[in-house]
Amino acid sequence: MDQILIRGGNALNGQIDISGAKNAALPLMCASLLTDQPLVLSHMPDLADIRTLCGLLEHLGVTVDRQVTGQLTLTGNGPDMLEAPYDLVRKMRASILVLGPLLARFGAARVSLPGGCAIGNRPVDLHLSGLEKLGAEIDLSGGYVDAKAPFGLHGADIAFPKVSVGATENLMMAACLAQGDTRLVNAAREPEIVDLADCLNAMGARIVGAGSDVITIHGVTELTGAQHRVIDDRVEIGTYMMAAAMTGGDVMLSGADDRYLGAVIATLRKAGVGIEKKPEGLRVWRDAPQIIGVDVMTEPFPGFPTDLQAQMMALMTICDGASMLTETIFENRFMHVPELARMGANITVHGASAMLRGVPELIGAPVMATDLRASVSLVIAGLFAQGETLINRVYHLDRGYERLEAKLAACGADIERVSAEAA
C-alpha cells in the first residue's frame, strides 16, 4: 500500500493549476442516465472516485469514452439490469445519485446502500422520502433500496427538514422527467447544485431557482445530450490556500475563481493570509508574521464548508493564541485530531468543538489518514513540520486530489509517494 513521505520546512512558492470539482463532477456523471444521447463533460479531474463511478455507470449500460484528456463522453444507452450492486457502490457515497435518474427514466431501480468516508452517519432518508413524494414505491431490505414507479413520477412540493446537498441533487434529477412541477424547499445552495442545474438545463430540463433555497423543476418528457464544463474545485482551492499560508509561501492558484469562497477568504484574511485576485487566478501568501487564531463554524453554503474544516484545523495548530473550530454538518469529523496531536498540536475536543492553542512548531511523525479531507490536513501539517512525516492510507487522498504530490513538489515541497516496503 502506498504512503506519502514529506520532509517539512520548505515554503511553497510557484503556481498550482486548479482541477475540476469532484463534488460537481459526480452528480453530472449520473445525469447521463437521464438520456440516451451523449453527455460531454470537460475539465474532469482524474480521481479514484471518478473512475469508481465510471465503473458503476458502465455496469448500468452507460458507454464511457475517455479518449480526450480531461474529458468524459457518457452515453446512457440503457441498462441490461437496473441494479447498482454493493461491490460497486460500497466505495463511494455519491453512488446513491444513480437512484433518482434510474427511477425517473426507467421506472425502477435497485441500489445498494452506499459507503464512503467514515465521518459519521450520513443517512439517505431524505433521498428516499423525497422520491416517495414524487410517487415512488420504496422498499428497504438486505442492504438495498428497491424503488419502483410503474406509472412514472409526478411533481410534488418537498420541504427538506434539513439541508442536504445529495438529496437536492438526486431529487432535482428525478424531477426533470416527472409529470408536472416540483418545488424543493430548503434546498441546498452549493455551487455544485447550480452547476448541475446548468448542465440539466442545457440537456433540455426546465429548472429555476438553483442557488437559492427554493428550486422549481418543470417536468419534461425527455432530455438530450449536451456539452458542459465542470466548475473549479473550491475545496482544492481552499486547501492550497491553507498550505501556502501554513508554509509561509507565495502561490498563484492558476484559473482559481473567488466566487464561491467568500466565507473562506474572509476567515483566512482574519488569520493573516493575503489573497489577491489576478487575471490568471488567485495569489495567496502569508500576510502576517504569524498565523492569527480565528474561530470557525462549519455551515451549509454560503457558510464555511465542512470539507475545509480539517485543513483549517491544521493551519490553526500554529496560530498565535487560540482558535475554536465547531463542526455542525457531520459528527465524527475530528478523527484527524489524534494524528495532528502526534505531531505536537495542542487540541482539546469538547463535543462538536475543538479548542486549539497554537504551538511554535510541529514535529514530523508517522500518521494515518482516516478520511479524504483529514488526509490532506496531515499533508498540510507535514509540509510545515520539522523532520519527516509519513502518511499511511493515502488512498483517501486519491479519491479527491488530482496529482497532489506533483502539484506541491512543483512549488518546492519535499514530498514523494513511496511503497510501504520502501518506507
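Everything numeric in this text was worked out from a predicted model, so none of it was measured.

How each quantity is defined
Residues numbered from 1 in each chain as written. Predicted model: local features only at pLDDT ≥ 70, side-chain atom pairs only at ≥ 80, totals over all residues. Heavy atoms only, no water. Axes fitted to C-alpha atoms, helices over the stretch in contact; angles between N-to-C directions. Helix = DSSP H or I, 4+ residues; strand = E, 2+ residues; numbered from the N terminus. Parallel < 35°, antiparallel > 145°, perpendicular 65-115°, else oblique. Left-handed = near helix turned anticlockwise from the far one by under 90°. Contact = heavy atoms within 4.5 Å. Nonpolar A, V, L, I, M, F, W, Y, C, P; charged D, E, K, R; others polar. Pairing = 2+ DSSP bridges. Core = buried A, V, L, I, M, F, W, Y, C linked by side-chain atoms within 4.5 Å. Buried < 20%, exposed > 50% of the residue type's maximum accessible area, 1.4 Å probe, protein only. Salt bridge = Lys/Arg side-chain N within 4 Å of Asp/Glu carboxyl O. Polar contact = N/O pair within 3.5 Å; in protein donor to acceptor, adjacent residues only side chain to side chain. Lys, Arg positive; Asp, Glu negative; His and termini not counted. Right-handed = clockwise from strand over helix to strand, strands pointing away.

Trainee: What exactly am I supposed to notice about the packing of helix α4 (residues 99-106) against helix α6 (residues 165-176) here?
Mentor: The angle between the axes and the distance between the axes are what describe a pair of packed helices. Packing of α4 against α6 leaves a shortest axis separation of 8 Å and a crossing angle of 15°. Taken together, α4 and α6 sit at an angle that is classed as roughly parallel. The way α4 lies across α6 gives a crossing that is right-handed. Of the residues in α6, those in contact with Leu99, Gly100, Pro101 and Ala104 of α4 are Asn170, Met173 and Ala174. A breakdown of the residues in the contact of α4 with α6 according to their chemical character gives five nonpolar, two polar and no charged.

Trainee: Where do I start with the sheet that holds strand β19 (residues 322-326) in this structure?
Mentor: Strands pair in a sheet through their backbones, by hydrogen bonds, and they do so in one of two ways: parallel or antiparallel. Within the open sheet, the four strands sit side by side as β18-β19-β21-β20. Their pairing is mixed. The open sheet has two edge strands, β18 (296-297) and β20 (346-350), and neither has a second partner. Relative to strand β21 (residues 353-357), β20 runs antiparallel, the two being bridged by five bridges. Paired with Asn346 across the strands is Arg357, a residue of β21. Its contacts with the sheet put helix α10 (residues 309-316) on β18, β19, β20 and β21, and the angle it makes with β19 is roughly 170°.

Trainee: Honestly, the nonpolar core in this entry has me stumped. Any pointers?
Mentor: A general trend in soluble globular proteins is that nonpolar side chains are found buried together. Counting residues in each nonpolar core, the largest one holds 78 residues, and the members touching the most others are Met29, Val98, Met172 and Leu200. For this core, the element with the highest residue contribution is α6, accounting for seven residues. Contact partners of Val98, with chain neighbours within four places excluded, come to Cys30, Leu33, Leu56, Leu57, Leu60, Ala84 and Val111.

Trainee: Whenever I open this one, the sheet that holds strand β1 (residues 2-7) confuses me. Can you help?
Mentor: Here four strands make up an open sheet; going across it, the order is β22-β23-β1-β24 and the pairing mixed. Strand pairing shows two members of the sheet lacking a second neighbour, β22 (366-368) and β24 (414-419), which therefore form its edges. Here the strands of the sheet are splayed against their neighbours by 25° on average, with no regard to which way each runs. Strand direction decides the pairing type here: β1 and β24, joined by six bridges, are antiparallel. Each bridged residue has a counterpart across the sheet, and for Ile6 the counterpart in β24 is Ile415. Sheet contacts for helix α12 (residues 372-384): β1, β22, β23 (388-392) and β24; angle to β23, the most-contacted strand, approximately 170°.

Trainee: Even after reading the chapter, I still don't get the pattern of salt bridges, so can you show me in this structure?
Mentor: Pairing between side chains of opposite charge can happen when their charged atoms approach one another. Tallying each qualifying case throughout the model produces 20 salt bridges. Where Lys22 meets Asp49, a salt bridge forms, and the shortest distance between an N and an O atom there is 3.2 Å. With Lys22 in helix α1 (residues 22-30) and Asp49 in helix α2 (residues 48-59), this residue pair connects regions lying 27 residues apart in the sequence. Neither Lys22 nor Asp49 differs from the other in exposure class; each is buried. Residues Arg66 and Glu58 are paired through a salt bridge, measuring 3.7 Å at the closest nitrogen-oxygen approach. In this structure Glu58 comes out as partly exposed when scored by relative accessible area, which is 36%.

Trainee: When you look at the environment of Leu383 in this model, what are you seeing that I'm missing?
Mentor: Mapped onto the fold, Leu383 is located in helix α12. With a relative accessible area of 4%, Leu383 lands in the buried category. Contacts of Leu383, omitting those with residues within four sequence positions, involve Ile6, Gly8, Gly9, Asn10, Leu12, Ala243, Thr247, Leu408 and Ala413.

Trainee: I would appreciate a short explanation of the side chain of His336 in the present structure.
Mentor: Considering the arrangement of structural elements, one finds His336 in the loop between β19 and α11 (337-342). When its relative accessible area of 2% is taken as the criterion, His336 is described as buried. Within the structure, the side chain of His336 is placed 3.1 Å from the side chain of Gln309, a separation counted as a polar contact. Those residues in contact with His336 that lie beyond four places of it in its chain are Gln309, Ala310, Met313, Thr370, Ala374 and Ser377.

Trainee: Looking at this structure, how should I read the side chain of Glu169?
Mentor: With respect to the helices and strands, the residue Glu169 is situated in helix α6. Despite its burial, Glu169 remains without a salt bridge, the nearest opposite charge being carried by Arg234 at 8.7 Å. Residues contacting Glu169, with those up to four places away along its chain left out, are Asn23, Pro27, Leu97, Glu192, Ile193 and Leu196.

Trainee: Is there a simple way to explain unusual backbone geometry in this structure?
Mentor: With the exception of glycine, most residues fall at negative phi, and the peptide bonds are largely trans. A cis geometry characterises the amide bond from Phe301 onward to Pro302, with omega recorded as 15°. By secondary structure assignment, the location of Pro302 is in the loop between β18 and α10. The residue Arg393 is not glycine, and still its phi comes out positive at about 60°. Relative to the assigned elements, Arg393 resides in the loop between β23 and α13 (395-400). Backbone geometry at Arg403 places phi at a positive 55°, although glycine is not the residue there. Along the chain, Arg403 turns up in the loop between α13 and α14 (404-409).

Trainee: Explain the pairing of strand β11 (residues 181-185) to me, please; I cannot follow it from the model alone.
Mentor: Sheet faces and side chains relate simply in a regular strand, where the side chains alternate between the two faces. Here β11 shows a clear split, with Thr182 and Leu184 buried on one side and none of Asp181, Arg183 and Val185 buried on the other. Crossover connection from strand β10 (residues 157-159) via α6 to parallel β11: handedness right-handed. In this structure, β11 lies alongside strand β13 (residues 214-218), joined through five bridges in antiparallel fashion. Residue pairing across strands places Arg183 opposite Thr216, the latter belonging to β13.

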